[in-house]
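# Examination of the molecular architecture
In case you want the letters, here they are:
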Amino acid sequence: METMHRQKPRVAFIARADNSGLGSCAVEFYRHLKPERVLIVQNGVFQIFPERYPDARVLGAGDSMTTEVQDWLMDGIDVIVSIETFYSGDLVARAKKRGVKTALITMCEMVEIAHAPKPDLNICPSKLDMDLMGDPKVFIPWPVATDRLVWRQRSIVETFVHI
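Summary of the structure given here. Quick caveat, the model's predicted, so the values are computed rather than measured.

## Thoughts on the side chain of S88
Summarising the element assignment, S88 is placed in the loop between β4 (79-83) and α3 (91-98). From its side chain, S88 meets the backbone nitrogen of L91 in a polar contact 3.4 Å long. The residues touching S88, leaving out its near neighbours within four places in the chain, are M65, Q70 and P117.

## Some thoughts on the nonpolar core
With 21 residues, the main nonpolar core has F13, V38, Y53, V81 and I83 as its most contacted residues. Where this core is concerned, the elements lending two or more residues are β1 (11-16), α1 (21-33), β2 (37-41), β4 and β5 (101-105). Ranked by residue count, the leading element in this core is α1, at 6 residues. With residues near it in sequence (within four places) discarded, V81 still touches V11, A12, F13, I14, L33, A103 and I105. Residues I14, L91, V100 and L104 belong to the second largest nonpolar core, which totals 17 residues.

## Re unusual backbone geometry
Among all residues save glycine, negative phi is the norm, and among peptide bonds the norm is trans. The residue after D135, namely P136, is reached through a cis peptide bond having omega -5 degrees. Among the structural elements, P136 can be located in the loop between α4 (127-132) and β7 (137-139). Even without a glycine there, the phi angle at K34 is positive, about 50 degrees. With respect to the secondary-structure elements, K34 resides in the loop between α1 and β2. Accessibility expressed as a relative area gives 54% for K34, which makes it exposed. Even without being a glycine, Y87 presents a positive backbone phi close to 60 degrees.

Reading guide: rules and limits
- Residues numbered from 1 in each chain as written.
- Predicted model: local features only at pLDDT ≥ 70, side-chain atom pairs only at ≥ 80, totals over all residues.
- Heavy atoms only, no water.
- Helix = DSSP H or I, 4+ residues; strand = E, 2+ residues; numbered from the N terminus.
- Polar contact = N/O pair within 3.5 Å; in protein donor to acceptor, adjacent residues only side chain to side chain.
- Contact = heavy atoms within 4.5 Å.
- Core = buried A, V, L, I, M, F, W, Y, C linked by side-chain atoms within 4.5 Å.
- Buried < 20%, exposed > 50% of the residue type's maximum accessible area, 1.4 Å probe, protein only.

Just geometry here; none of it tells us what the structure is for.
Pasting the structure below:
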């Protein structure tokens, strides 16, 4: 029986590098995904920490994602992954023309944006996202940094953290 070896897809990741909720989610996906290329986007509000993504390119706060930036992001890449939005109205269409797939890690509060470009795949981190998002979709829970958040048995809980 012949064994097929599947090449790991070459991934570009659009990430936030701040201490916001999206920034925290992005750095954990980055640690698990290990993308070949990272574009850091800023919202102009929070301080960024580009050292979280070695060799990343930083898009300045208020800067648009030009065709030159998009070309850099897509060159030699199989799929672009982003959280909540692609930060550009034409990136998904340009990626499709170039044969680059797009995957969006969804946030259920963004489901009603009718003008948002539709990715090739919605990655749903919650069951609520799975219920609300259109196809094609897959359920992949938020990654947990078990190397830093070590499980231990607790008999009393004093604080709950919900993200």
